[in-house]
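These are the residues of each chain, in order.
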Amino acid sequence: TGGSLAPTPTNSDSAVAVYQLLLINYVIFVLDHYLFLPWVRQLYLYHSKPIWYQFLTCTVCHASWDHIRFNTFFLLLFGRIVEDHEGAGGLWLAYIICGLGASIASYIALPSHTVSLGASGAVYGLFVVSVLLKLSWNWKNLLSVTVLGQFVVEQVWKEVEATTRVTAVPGMATSVNHLAHLAGAATGALMIWFLGKLPDSEPDKGRQRA
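It should be emphasised that the depicted structure is a prediction, and the values quoted were computed from it without experimental measurement. (Residues numbered from 1 in each chain as written. Predicted model: local features only at pLDDT ≥ 70, side-chain atom pairs only at ≥ 80, totals over all residues. Heavy atoms only, no water.)

*Asks:* Please explain the overall build of the chain as it appears in this structure.
*Replies:* Of the regular secondary structure elements, the chain holds six helices and two strands. Starting at the N terminus and ending at the C terminus, the chain contains elements arranged as α-β-α-α-β-α-α-α. Sorting the 210 residues of the chain into buried and exposed places 41% on the buried side. When contacts within the chain are restricted to residue pairs at least 6 apart in sequence, long-range pairs at least 24 apart make up 79% of them. Carbon together with sulfur atoms contributes 67% to the accessible area of the chain, which is approximately 11800 Å² in total. (Helix = DSSP H or I, 4+ residues; strand = E, 2+ residues; numbered from the N terminus. Buried < 20%, exposed > 50% of the residue type's maximum accessible area, 1.4 Å probe, protein only. Contact = heavy atoms within 4.5 Å. Areas by Shrake-Rupley, 256 points an atom, 1.4 Å probe, with all protein chains shown as cover.)

Structural data, given as structure tokens:
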């Protein structure tokens, strides 16, 4: 037994948090790239002189249409899984914690001229969280883990290889923050591990089982 991201799971038909997150990401994108509102750029994380809120707000900003299209597709897919399992509060908590983990790691490790933005650190965290939440001996969950786990492992391994290449070649530049992806995934795994160490908030006795 262990802790939970949120006390009450939600039915997939009533999922709301994942759509709230999608809406926020797209509204910010439109304000930034179509209405050209200058204050939106203050939501990016500027490593040379960061403001505390930018560590979180940069996770809803995107540099291009391809950037937001990739991130929101997987946010919808894996965010729904987390919300169905742990409720709206659980998804919000996972998105925020994994996004912050990715931002902090990027700020510590990357050069001061770096500007970080994008939901990918949070999304990679949701990759890992969604798979770990389904780990059980239920045959449906095992099948889900087998299918989803292959994808997650492949994606994380690609990020490891990409990060290794960038580190091994001095001066090599990349617009993709592979470190943030790995940090988000690691934060998600650590969060689930930590919650697993907490005592269960509900007694086993009298608990209804599906």
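*Asks:* I keep staring at the environment of valine 16 and nothing clicks. Help me out?
*Replies:* Structurally, valine 16 can be placed in the segment before helix H1 (17-33). Distance in space between the C-alpha atoms of valine 16 and alanine 88 is 6.7 Å, their sequence separation being 72 residues. Setting aside anything within four residues of it in sequence, one finds valine 16 in contact with Glu83 and Ala88.

*Asks:* It is not clear to me how the pattern of salt bridges should be interpreted in this structure. Could you clarify?
*Replies:* One side chain can pair with another of opposite charge once the charged atoms of both are near each other. Tallied over the full model, the rule gives two salt bridges. Its salt-bridge partner being arginine 69, residue aspartate 66 comes within 2.7 Å of it at the nearest N-O pair. Here arginine 69 and aspartate 66 lie together in helix H3 (residues 65-109), a separation of three residues that amounts to about one turn. Taking the relative accessible area as the measure of exposure, aspartate 66 reaches 47% and is therefore partly exposed. (Salt bridge = Lys/Arg side-chain N within 4 Å of Asp/Glu carboxyl O.)

*Asks:* Would you take a moment to explain the side chain of histidine 47 for this structure?
*Replies:* Considering the arrangement of structural elements, one finds histidine 47 in the loop between strand S1 (45-46) and helix H2 (54-57). Given the relative accessible area of 4%, histidine 47 is considered buried. Engagement of the side chain of histidine 47 in a polar contact is seen with the side chain of serine 116, the distance being 2.7 Å. Setting aside its immediate chain neighbours within four residues, histidine 47 contacts Ser106, Tyr107, Leu110, Pro111, Ser112, Thr114, Val115 and Ser116. (Polar contact = N/O pair within 3.5 Å; in protein donor to acceptor, adjacent residues only side chain to side chain.)

*Asks:* What is the right way to look at the packing of H3 against helix H4 (residues 120-133) in this model?
*Replies:* If you want to describe how two helices pack, look at the angle between their axes and the distance between the axes. At a minimum axis distance of 7 Å, the contact between H3 and H4 shows a crossing angle of 125°. Judged by the inter-axis angle, H3 sits oblique to H4. Considering only the axes of H3 and H4, their crossing is right-handed. (Axes fitted to C-alpha atoms, helices over the stretch in contact; angles between N-to-C directions. Parallel < 35°, antiparallel > 145°, perpendicular 65-115°, else oblique. Left-handed = near helix turned anticlockwise from the far one by under 90°.)

*Asks:* Explanation requested: helix H6 (residues 178-197) in the structure shown.
*Replies:* One turn of an α-helix holds 3.6 residues; hence residues three or four places apart share an orientation. With 20 residues, H6 extends 29 Å from end C-alpha to end C-alpha; this agrees with the ideal 28 Å at 1.5 Å per step. Those residues of H6 not exposed but buried are His178, Ala180, His181, Ala183, Gly184, Ala185, Thr187, Gly188, Met191, Ile192 and Leu195. (Expected span 1.5 Å × (residues − 1).)

*Asks:* When you look at H3 in this model, what are you seeing that I'm missing?
*Replies:* Between its first and last C-alpha atoms H3 spans 27 Å; for 45 residues at 1.5 Å apiece the expected length is 66 Å, and the helix comes up short by more than 12%. Of all the bends in H3, the largest measures some 130° and sits at glutamate 86. (Bend = angle between axes of the 7 residues up to and from the residue.)

*Asks:* How should I be thinking about the packing of aromatic side chains in this particular structure?
*Replies:* Summed over the entire model, instances satisfying the criterion amount to 12 aromatic pairs. Where tyrosine 26 meets tryptophan 65, the ring centres are 6.2 Å apart and the plane angle is 45°; that geometry is what we call tilted. Within this pair, whereas tyrosine 26 is found in helix H1, its partner tryptophan 65 is found in helix H3, the two being separated by 39 residues in sequence. Accessibility expressed as a relative area gives 30% for tyrosine 26, which makes it partly exposed. Taking the centre distance of 4.8 Å and the plane angle of 50° together, the rings of tyrosine 124 and phenylalanine 127 count as tilted. With tyrosine 124 and phenylalanine 127 both in helix H4 and three residues apart, this pair spans about one turn of that helix. For the residue pair tyrosine 124 and phenylalanine 127, the accessibility class agrees, reading buried in each case. Taken together, the aromatic side chains of Phe70, Phe73, Phe74, Phe78, Tyr124 and Phe127 make up a single cluster linked through ring pairs. (Phe/Tyr/Trp six-rings, centres within 6.5 Å; stacked < 30°, edge-to-face > 60°.)

*Asks:* I keep staring at the packing of H1 against H3 and nothing clicks. Help me out?
*Replies:* Closest axis-to-axis distance for the H1/H3 pair is 7 Å, and the angle between their directions is 150°. Pair H1 / H3 crosses with right-handed handedness. Here Ala17, Val18, Tyr19, Gln20, Leu21, Leu22, Ile24, Asn25, Tyr26 and Phe29 of H1 lie close against H3, whose contacting residues are Trp65, Ile68, Thr72, Leu75, Leu76, Gly79, Arg80, Glu83, Ala88, Leu91, Trp92 and Tyr95. A per-class count over the contact of H1 with H3 returns 16 nonpolar, four polar and two charged. (Nonpolar A, V, L, I, M, F, W, Y, C, P; charged D, E, K, R; others polar.)

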